[in-house]
Amino acid sequence: MFSLTVRRHFMIAHSLPRESFGPAQGLHGATFVAEVSFRRAELNQDAIVIDIGAADELLQQVLDRLNYKNLDELPEFAGQLTTTEVLARYIAERVAERLPDGAALAGIDVVLRENPDAWAGYSLDLPQRR
């Protein structure tokens, strides 16, 4: 399996209103590094997984919706805890929606790093599209 990874950072505000989150229950900021890996079983006719510039643009489009936003105010997160895991799934699904027809990717893996010592991820397998 081949893969190509791009990464970008973004900043959000949110709250996690459950006792188990301790001081993070209240509104606070977080800076994440998002790493998105695109997987494919065989390279395309250009001998690549996906164009690096195109992959970077896909990620940026998704992060533009989140960057410098209070996630508590975004309708797509209404009634959800915006944990790192939930955000990783959101990013994977939004990137997948933006893939061009015929991308022939096997999957997308997202890792969100909150700091050098803590991260969470989500893997999304894609149906084969031609």
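Now for a description of the structure that goes with this document. All values derive from a computational prediction rather than experimental measurement.

So, the side chain of N70
Step number 1: If you trace the backbone, N70 turns up in strand 3 (residues 69-70).
Step number 2: Its relative accessible area of 19% is what places N70 among the buried residues.
Step number 3: A polar contact of 2.9 Å, which involves the side chain of N70, links it to the backbone nitrogen of D72.
Step number 4: The residues touching N70, leaving out its near neighbours within four places in the chain, are A13, H14 and L27.

Observations concerning the sheet that holds strand 2 (residues 28-40)
Step number 1: The 5 strands lie next to each other as 3-1-2-4-5, forming an open sheet whose pairing is mixed. The open sheet has two free edges, formed respectively by strand 3 and strand 5 (118-125), since each of these has just one partner strand.
Step number 2: Both strand 1 (residues 2-14) and strand 3 contribute to a ladder of 2 bridges, which runs parallel. The partner of I12 across the bridge, within strand 3, is K69.
Step number 3: In the packing of helix 1 (residues 52-64) onto the sheet, the strands contacted are strand 1, strand 2 and strand 3, and the crossing angle to strand 1 comes to about 20°.
Step number 4: In this fold helix 2 (residues 84-97) packs onto strand 1, strand 2, strand 4 (107-115) and strand 5, with an angle of close to 145° to the strand it touches most, strand 4.

Some points on the pattern of salt bridges
Step number 1: Considering all chains together, one arrives at 8 salt bridges under this definition.
Step number 2: The partner of D56 in a salt bridge is R8, with the nearest N and O atoms 2.4 Å apart. Of this pair, D56 sits in helix 1 while R8 sits in strand 1, and the two are 48 residues apart along the sequence.
Step number 3: Take D56: its relative accessible area is 23%, and that puts it in the partly exposed class.
Step number 4: Classification of R8 by relative accessible area gives partly exposed; the value is 30%.
Step number 5: For E76, the salt bridge identified is with R65, shortest N-O distance 2.8 Å. Here E76, found in the loop between strand 3 and helix 2, pairs with R65, found in the loop between helix 1 and strand 3; they are 11 residues apart in sequence, far enough to count as distant.
Step number 6: Judged by its relative accessible area of 27%, E76 is partly exposed.
Step number 7: Several salt bridges share partner residues, and in doing so they unite R7, E35 and R113 into one network.

Conventions we followed
- Residues numbered from 1 in each chain as written.
- Predicted model: local features only at pLDDT ≥ 70, side-chain atom pairs only at ≥ 80, totals over all residues.
- Heavy atoms only, no water.
- Helix = DSSP H or I, 4+ residues; strand = E, 2+ residues; numbered from the N terminus.
- Buried < 20%, exposed > 50% of the residue type's maximum accessible area, 1.4 Å probe, protein only.
- Polar contact = N/O pair within 3.5 Å; in protein donor to acceptor, adjacent residues only side chain to side chain.
- Contact = heavy atoms within 4.5 Å.
- Pairing = 2+ DSSP bridges.
- Axes fitted to C-alpha atoms, helices over the stretch in contact; angles between N-to-C directions.
- Salt bridge = Lys/Arg side-chain N within 4 Å of Asp/Glu carboxyl O.

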